[in-house]
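# Chain and residue survey
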Amino acid sequence: MELSSLSIREIHRLITKKEISTQELVERYLKKIEKENPEINAFLEVFKEESIKQAQEIDRKIQKGEEISILEGIPVAIKDNILVADKRCTAGSKILENYIAPYDATVVRKLKEKGAIVVGKTNLDEFAIGSSGEFSAYGATRNPKNLEYVPGGSSSGSAAAVAANMVPVALGSDTGGSVRQPASFCGIIGFKPTYGLVSRFGLIAMSSSLDQIGPLGKNVEDVKIIYEAIKGEDEMDSTTVSFLQKQTKERLEEVKIGIPKEYFARGINPKVKEIIEDRIKDLELSGASIEEVSLPHTDYALATYYIVMTAEVSSNLARYDGIKYGKSLSGSDRVQNLLDVYLETRKEFLGEEVKRRIMLGTYCLSVGYYDAYYLQAQKVRTLIKEDFERAFQKVDFLLTPTSPTPPFKLGERLENPLTMYMADILTASVNLAGLPAISLSAGEVDKLPVGLQLIGPAFSENFLLSIAQLAQRIWT
Ligand code: GLN
């Protein structure tokens, strides 16, 4: 039995048919983590004993002949900006090094209630800010496909853990692409649901109007099972809804896929483009109709994202001030008064990129610049949303590359923040418009994974996921 080939459904079959005990299965994953993690650095913490104990309980249930649900005994990894009660939650930052989560995030509570085993917390770019996994205060994560390369970010640990078969599925968070882009870089699947379909209660906020928790896995069905377990209205998050569109089409022949021409323009690696075009041909041959569409405000998406996001980052991260949460230099000889506590603590325990975003955001929100930047960006955000709405009057889905390039080498983009920001150019508009999107694996360039993104209208997840399932089957 190869861990690499195990889907949730297959694990469920194996443990209910007693072909393997839950304990044995969990121990195999834990062993894999022990072996691979020192090099990959996907996990910040692993809950070994508790996971085994939980597996033993499930085995007892199975022995007694009790029925178990599909998620019971399934090992899941959680990005370390999502709270797991009584465990450390660092958000990849030094400032939260000693922070113990006082409660479970809603998504974690739901997974636990359904019997999933939370095996550990995964590494991330500090406060989910980054595209490469290199901005974690606890060391960079490496891409399991090639250790010289970045796994993408910011859900770097979750993507690498799944790709290296340390867990079958994991949760990440996606503010501008942080589930889809690392999924693409690691050759797995990452899904960002419509804004509001999954509760953010217990997710350490980066940019509240963009953040969304989403699953990563090795096949569409696994991702769908996790998404269905975590979705739904939550009284602890007033932005949640449980509305979903009905699926009206079942077959690929009925589906119209739009290709936004702006997403294939300059800046796209030609080999990536070629692979995506091959996959488009595959879909066409399988009966889908393909149509070119235009999203005319695409050129402004990244700038708009970087204004809205940094503004919200500066406001959300103001709470890490040496008083309310986490570490503090209060009482040290570097501190003479209250202002020093704020300044010195933040200077010491926040990373460079996080500070850069806070400064940009504070600038955009300050008197005199608010109208010129923040307010303008909000208006352009509406135009971007309207572009999508217009496109979805003509087509059911949009298809694009997930990232303009294959994974890049560790260290390659650290010196130039703008090149790093370009990694989000094809994913960030989806968050601005609050839409659902999934990254599927599309092929490889020089043995490095390339991802393809399917974007759907708001609340179209049932349809989007079933088409994604059909599509992925065509080329794997
Ligand atoms: N890479 C993007 C950024 O740095 C997105 C981050 C995210 O989605 N959490 O802002």
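These numbers come from a predicted model, not from an experiment.

Where burial is concerned, most of strand E11 (residues 448–455) is hidden: 8 out of the 8 residues are buried. The alternating pattern of E11 places Leu 448, Val 450, Leu 452 and Leu 454 on one face and Pro 449, Gly 451, Gln 453 and Ile 455 on the opposite face, and all of these are buried. Two elements, strand E9 (residues 397–401) and E11, share 4 bridges in a ladder whose sense is antiparallel. Note that in E11 the partner of Thr 400 across the bridge is Gln 453. Between strand E10 (residues 437–445) and E11, which follow one another and run antiparallel, lie 2 residues, and Asp 446 among them has a positive phi close to 45°.

Of note, the bond from Gly 153 into Ser 154 is cis; its omega dihedral lies within 30 degrees of zero at 5°. Position of Ser 154 relative to the elements: it lies in the loop between strand E3 (117–122) and helix H5 (156–163). Although it is not a glycine, Ala 91 sits at a positive phi angle of roughly 55°. As for its position among the elements, Ala 91 is in the loop between strand E2 (75–79) and helix H4 (106–113). Classification of Ala 91 as buried rests on a relative accessible area of 0%.

So, about the pattern of salt bridges. Under the definition given, this model contains 31 salt bridges. The shortest N-O distance in the salt bridge between Glu 36 and Lys 35 comes to 3.7 Å. The salt bridge partner of Glu 97 is Lys 327, with a shortest N-O separation of 2.6 Å. Remark: Lys 327 occurs in the loop between helix H9 (301–316) and helix H10 (338–349) and Glu 97 occurs in the loop between E2 and H4; sequence separation between them is 230 residues. Lys 327 carries the same exposure label as Glu 97, and that label is buried.

Taken together, 16 residues lie near the ligand, and Ala 128, Thr 175, Gly 176, Ser 178 and Tyr 305 sit nearest. A distance of 2.8 Å separates a nitrogen atom of the ligand from a polar backbone atom of Gly 130. In this structure the site holding the ligand corresponds to the largest cavity. Of all the elements, H9 adds the most residues to the shell around the ligand, at 3 residues. Across the shell around the ligand, the residue classes break down as 6 nonpolar, 7 polar and 3 charged.

Procedures and definitions
Residues numbered from 1 in each chain as written. Predicted model: local features only at pLDDT ≥ 70, side-chain atom pairs only at ≥ 80, totals over all residues. Heavy atoms only, no water. Buried < 20%, exposed > 50% of the residue type's maximum accessible area, 1.4 Å probe, protein only. Helix = DSSP H or I, 4+ residues; strand = E, 2+ residues; numbered from the N terminus. Pairing = 2+ DSSP bridges. Salt bridge = Lys/Arg side-chain N within 4 Å of Asp/Glu carboxyl O. Near = heavy atom within 4 Å. Polar contact = N/O pair within 3.5 Å; in protein donor to acceptor, adjacent residues only side chain to side chain. 1 Å grid on protein atoms, 1.4 Å probe; cavity = no way out; pocket = protein on both sides within 12 Å on 5 of 7 lines; lining within 4 Å. Sits in = over half its atoms within 2 Å of the grid points. Nonpolar A, V, L, I, M, F, W, Y, C, P; charged D, E, K, R; others polar.

All quantities given are derived from atomic positions and should not be read as evidence of function.
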